[in-house]
Amino acid sequence: MRKGIAFGVATALAVAAMVLGAFGVLIESGVRSHGQVDRYASAAAVVHGKQSITVVQGSGEDKSSESRPLVEKNRVPVAQAAALKAVAGVRDVVADFSVPVVPAGAAGAASEPASASATTPTTPILTGHGWDSAKLTPTTLASGTAPATAHDVVLDTDSATRLGVGTGSQISLQIDGAPERYRVSGVSNAGPPATLYFTQQQAETLSGHPDRADALVVLPAPGAHVSASALRHAVPGLVVATGAARGDVEHPQLQAGRSDQLADTGSLGGIGLLVALLVVSGLLELSVRHRTRELAVLRAVGATPRQVRRIIVREMLRIAVPAALVGGAASLGLGALLKNVMTSQGVLPDDFELTLSPIPVVGSALVTVLAAVGIGWLASRRVSKIKPVQALSETAVEPKRLPRWRVVTGVVFTLLGGAMLVVTLAAGGQAAASALPGLVISLMWAVALLGPWIARAGTRLLAAPLRRLSPIAGALAAGSARAAAVRMAAVITPVALAVSFAGVQLFAQTTTANATTVQSRDGLRADRVLSSAGPGIPHAAYDAAKALPGITDVTAVKRTTVVMPVWNLDTSPQSLAAQGLEGGAARTLDPLVTAGSLAGLNEPGTIALSSAVSHDTKVGDTKDLWLGDGTPVTLKVVALYDRGLGFGDVLLPRALVAAHATSQLDDYVLVDGDGDLSPLTSAFAGLHTASAADYGRSLSERVRHDNLVGLIAVLAIAGFILVGVVTTLGVATASRRRELTLLRLVGATRDQLLRALRLEAVIILGTGIVVGAAVAAVTLFAYAAGIVGLANLSIPPLALTGLLTAVAVPGAAAVLLPGRRILRRGSPRIE
């Protein structure tokens, strides 16, 4: 194999291993990462509720189970502390409560004048605990005393300095209602930052669930060992976290996002593997075909088919092993880069720890080597079996007919893609979303297998215009493309893959964001939206807004996530965005109700569903689901609606959501009427108003943010595809040295051949882009028509132009630069 071709193959294999290994780094980090253990460092164990639910379906051999994460805290009964205290070696058990606190102002500071400030996005939010939780960290009082009354608090030194208060000062704190005055009874000089302590009883009361703690923290006696198995035996049904797992309880956002992060990364890694196989298979087939004459000579002098295959496999191993190891090692850097980008964009939490180990390096290298050897072996089977004379003839003229297996397999993938298209258009909702990846992958494999037919069709369509543009060069380009349809197919496939894959992933996201904006804009009937710069809006603001003159309707909205079985080609549990509503939702919201009425949500035990998840549900039916903390409920369906992207797939009574949420605070309040809201915004810290249009734009930005993890990973895969495009085109051109030299010897000039190469690049890139665009268009049409509505299809012209340019410019360079080097000035000679 020529050095240039070997280098191109090695480059593609190294990049494939690097991309696959990077996804492996993220998957391993998701499995192994734990939150940092801070407040619970002195604990022998932390007992908490299970933060996932497992849904078992079927029976017997068809029995299956699937777990889904919970986004709200699954709290622990405080009464279980007694059983834990009875375990040998346990000194004490602390019921830990956490309450978000917004400092609204301070007065009477001991060392500095009072300062009042409205809460802004940059103002730190404090976390309140009961005084018993001070036992968990080496908290000592620098001044003052422990909180003794319901309106006493202890602040850490940094927070006291930042707020300008000291022992004896009065401070205004907003918790579950309007700001109230508290006395700073003491200031601690140690312990976690941004922490505030109430009396234990007050913390229990403010949490809204005094009988259920966030966690029960087990403190060991000095020198004693506490058995984790004994703790589990004492509190069956609860989770006992020890070691690094304690950090997950302390940082629940990391645990909540882990399952979805693993699922998303695993799915994208699987797509990356399929894409790598598609790109590498065409490249390796091209490199083996380039050696057909050499292998035919070996057959002519007595080499057996097995010996020929061994030669190919050994050569592939010599190239693939070092390339895969280099790519696997580089995957650690790419994985770290992806993690840093995702963390900086808020996709991953700040305390997400990167785990670097040899596992993704070895795994990606092994997969790449096995793929390269397997594809090389398959590509060599036909060359090794045909007669030597036939092999020699095929180096000059390619066979016109495709192998039967390739035609049959290509037709099967085409039919499979057609079936996926029908499912997407007919089923809609979650079933349509599940069918989309299969649709695009099936169509691309069909393109790869039936590529020679596509190449011949593209050549026939473009031959006449090219001949009119340049008679001699056009004839040379068309003749070469027509005679080498198999080679053309190998280079057209990665071009089509780049356009289709990037187009579907990019424009599906812009379409989703556009649909979200349109649905929220058209469905929001309220004049204004109240939101908070802090952790949320106290529910008292909703009550206060109703009492303001000139205000006609008010709706409190609280977001959560529920788990519900959804028909998705089969019934499976899905995590669904949900909103709890209280007040005049039927007048402030219009989610395009198709049956029933939102007014029914004012009754307890009710639910409204979007068309994307309702399937054949009717108003009056009951639905089984799990609330945000894992509590199972059966609710009556009172309405069905279409605007699920704008308002979530599930609507519930706000009281039901709040009773099973981590915080009692609302996310926003919808206000209808022209009354003055300034008394409200001045009374509650951090509260501000926005127009309905501004709120719609913020929703679309949140959708874009939620899709960042997919977009970042897609960019990595698209980058690999682009490398495959450039490498394949470069290898295809470099392998034509003999052909181009012969044309020079029979009278073609260098300029004519360069012009012919340019026109041939037009055929390759034009056909690949058109085919890729067709696959993307079919997929996006199905996505828009089956899921978000055809009118919401969004393809920004600038993004489309950038995509096509990113494929066409490097592709043209990969054809023309090697061609110029082959056709360098001087006397041509056959090597």
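Residues numbered from 1 in each chain as written. Predicted model: local features only at pLDDT ≥ 70, side-chain atom pairs only at ≥ 80, totals over all residues. Heavy atoms only, no water.

With respect to the pattern of salt bridges
Scanning the entire structure with this criterion turns up 11 salt bridges. When the shortest N-O distance is used, the salt bridge between Asp92 and Lys135 registers 3.0 Å. Of this pair, Asp92 sits in strand E5 (residues 90-96) while Lys135 is found in the loop between strand E7 (126-130) and strand E8 (141-144), placing the two residues 43 residues apart along the sequence. In this structure, Asp522 and Arg521 form a salt bridge, with 3.2 Å as the shortest nitrogen-oxygen distance. Judged by relative accessible area, which is 28%, Asp522 ranks as partly exposed. On the basis of relative accessibility, which here comes to 49%, the residue Arg521 falls in the partly exposed class. Salt bridges linked by common partners bring Arg525, Asp590 and Arg643 together as one network. (Salt bridge = Lys/Arg side-chain N within 4 Å of Asp/Glu carboxyl O. Helix = DSSP H or I, 4+ residues; strand = E, 2+ residues; numbered from the N terminus. Buried < 20%, exposed > 50% of the residue type's maximum accessible area, 1.4 Å probe, protein only.)

Description of the side chain of Asn792
Note on placement: Asn792 falls in the loop between helix H26 (750-788) and helix H27 (797-822). Among the residues examined, Asn792 registers a relative accessible area of 10% and is labelled buried. Not counting chain neighbours up to four residues away, the residues in contact with Asn792 comprise Thr511, Asn514, Ala515 and Val518. (Contact = heavy atoms within 4.5 Å.)

Considering the packing of aromatic side chains
For the structure shown, the criterion picks out three aromatic pairs. An angle of 90 degrees between the planes, with centres 5.4 Å apart, marks the rings of Trp131 and Tyr197 as edge-to-face. In this pair, Trp131 is assigned in the loop between E7 and E8 and Tyr197 in strand E12 (residues 195-198), connecting sequence segments 66 residues apart. Judged by its relative accessible area of 24%, Trp131 falls in the partly exposed class. Each ring, one from Phe413 and one from Trp445, has its centre 6.2 Å from the other, and the planes form 25 degrees; the classification is stacked. Of this pair, Phe413 sits in helix H12 (residues 404-427) while Trp445 sits in helix H13 (residues 429-449); the two residues are 32 residues apart in sequence, bridging distant segments of the chain. Of the residues examined, Phe413 reaches a relative accessible area of 24% and is grouped as partly exposed. (Phe/Tyr/Trp six-rings, centres within 6.5 Å; stacked < 30°, edge-to-face > 60°.)

Describing the packing of H26 against H27
Geometry of a packed helix pair, given as the angle between the helix axes and the separation of the axes. Orientation of H26 relative to H27, taken along the N-to-C sense of each, is 150 degrees, at an axis distance of 10 Å. With respect to each other, H26 and H27 are oriented roughly antiparallel. You can see that H26 and H27 cross each other, and the crossing is right-handed. Contact with H26, carried on its side by Arg750, Leu754, Leu757, Arg758, Ala761, Leu765 and Ile769, involves Leu804, Val807, Ala808, Gly811, Ala812, Val815, Leu816, Gly819 and Arg820 of H27 and no other residues of that element. Of the residues assigned to the contact of H26 with H27, the class counts are 11 nonpolar, two polar and three charged. (Axes fitted to C-alpha atoms, helices over the stretch in contact; angles between N-to-C directions. Parallel < 35°, antiparallel > 145°, perpendicular 65-115°, else oblique. Left-handed = near helix turned anticlockwise from the far one by under 90°. Nonpolar A, V, L, I, M, F, W, Y, C, P; charged D, E, K, R; others polar.)

Regarding the nonpolar core
Counting 97 residues, the largest nonpolar core has Leu13, Val275, Leu497, Phe720, Ile721 and Leu729 as its most contacted members. Ignoring sequence-local partners within four residues, the contact set of Leu13 consists of Val280, Ile319, Ala320, Ala323, Thr368 and Ala372. Of all hydrophobic cores here, the second largest spans 36 residues; its members include Leu163, Val165, Ala203 and Val235. (Core = buried A, V, L, I, M, F, W, Y, C linked by side-chain atoms within 4.5 Å.)

Some thoughts on the confidence of the model for the protein
Mean pLDDT over the protein stands at 82; residues scoring 70 or higher make up 86%. Strand E23 (residues 650-653) holds the highest mean pLDDT among the elements of the protein, 95, whereas helix H11 (residues 388-394) holds the lowest, 57. Throughout residues 106-123 the model reports pLDDT below 50, and contacts reaching past four residues in sequence, or to other chains, amount to 40 contacts. (pLDDT = per-residue confidence, 0-100.)

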